[in-house]
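What the coordinates show
So the chains spell out like this:
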Amino acid sequence: MRFTVAIDGPAAAGKGTIGRAVAARFGFAHLDTGLLYRAVGARVLRGERAADAALSLTPNDLADPDALRTPEAAQAASKVAVIPEVRDALLDFQRAFAHRIGGAVLDGRDIGTVICPGAEVKLFVTASAEVRARRRLDELLLRGLDVEYQSVLEDVRARDTRDAERATAPMIAATDALTLDTSEMSAEAAIAAAIAAVAAKHSA
Ligand code: DC
């Protein structure tokens, strides 16, 4: 059985939380596609060319996800994500994952529009920049990183603009996506809404 759930939206809107919960509920595999761009960005920070890094990415580059979940890797990811050769190099892997037998949930920016326009369920998860910055700040502080609200908010806004305004595969809701604004929703309520949307198309 092939069944794809595409979850797009800006940074720290809750895509990962929702994606993991939907995957667990339906027994689907989950891919956080942002990690691919973060891994490329991290290699660029170490001096490599972005396109070369994207073409030679290996599972080893993703072995320590927490090391990629830093503000520096996030900004670097957003910058390499503008480059069409980088996006192209990551396309086949993401499509193959989306079509795997047993079902898949992918979260990112262009899943419902470019990677998987035929996805059975498309969600666009969003929230105000302030709410997202607060959530990301809490997450980073919990992990012991030394960050401040204002700089996290500026990071979120800079990425929003770059991700939405780039020419190739910009962040945008697919016309057939269900938008979930989680600004005033608990994680539980957002997960329940996403699960209801998937359950309406999938009987398991
Ligand atoms: O989801 P994230 O915050 O980890 O993503 C990091 C950056 O990677 C994001 O700012 C833009 C880029 N990205 C992308 O362009 N397309 C995707 N499908 C996923 C992420």
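As a reminder, the structure under discussion sits directly above these lines.
Described in the following lines is the structure provided in the data block. (Residues numbered from 1 in each chain as written. Predicted model: local features only at pLDDT ≥ 70, side-chain atom pairs only at ≥ 80, totals over all residues. Heavy atoms only, no water.)

1. Notes on the overall build of the protein
Secondary structure summary: the protein contains ten helices and five strands in total. Over its C-alpha atoms the protein spans a radius of gyration of 16 Å, differing by no more than 12% from the 17 Å that the globule rule assigns to 204 residues. Out of the 204 residues in the protein, the part that is buried amounts to 49%. Contacts in the protein between residues far apart in sequence, at least 24 positions, make up 78% of those at least 6 positions apart. Accessible surface computed for the protein: about 9600 Å², of which carbon and sulfur atoms make up 55%. Taking the 25 positively charged and 28 negatively charged side chains of the protein as two groups, their mean positions are separated by 3 Å. (Helix = DSSP H or I, 4+ residues; strand = E, 2+ residues; numbered from the N terminus. Rg over C-alpha atoms; globule rule 2.2 N^0.38 Å. Buried < 20%, exposed > 50% of the residue type's maximum accessible area, 1.4 Å probe, protein only. Contact = heavy atoms within 4.5 Å. Areas by Shrake-Rupley, 256 points an atom, 1.4 Å probe, with all protein chains shown as cover. Lys, Arg positive; Asp, Glu negative; His and termini not counted. Charge placed at Lys NZ, Arg CZ, Asp CG, Glu CD.)

2. Quick look at the site of the ligand
In the region of the ligand, 14 residues are neighbours, and R38, R87, R159, D163 and R166 sit closest. T33 places a polar side-chain atom, nitrogen or oxygen, 3.0 Å from a nitrogen atom of the ligand. For the ligand, a nitrogen atom lies 3.0 Å from a polar atom in the side chain of D110. Within the complex, the protein chains bury 97% of what would otherwise be the 450 Å² of accessible surface of the ligand. (Near = heavy atom within 4 Å. Polar contact = N/O pair within 3.5 Å; in protein donor to acceptor, adjacent residues only side chain to side chain.)

3. Things to note about helix α8 (residues 129-142)
Here α8 is 14 residues long and its end C-alpha atoms lie 20 Å apart, about the 20 Å a rise of 1.5 Å per residue gives. Those residues of α8 that sit buried are A129, R132, A133, R136, L137 and L140. Projected down its long axis, α8 shows its buried positions confined to an angular sector of 135°, all on one face. At its buried positions, α8 is contacted by α2 (34-45), α5 (71-80) and α9 (149-165). Once α8 ends, the next one or two residues include G144, with phi positive near 85°. (Expected span 1.5 Å × (residues − 1). Arc of directions from axis to C-beta.)

4. Observations concerning α2
In this model, α2 (twelve residues) spans 16 Å end to end at C-alpha, consistent with the 16 Å of a helix rising 1.5 Å per residue. Extensive coverage of α2 is indicated by the burial of nine of its twelve residues. Trailing α2 by a residue or two, G47 shows a phi angle of about 105°, which is positive.

5. Things to note about the environment of L35
In this fold, L35 is placed in helix α2. Sequence-distant contacts of L35, that is, excluding residues within four places in its chain, are made with L62, P65, L68 and R69.

Everything listed is a geometric property; what it means functionally is a separate question.
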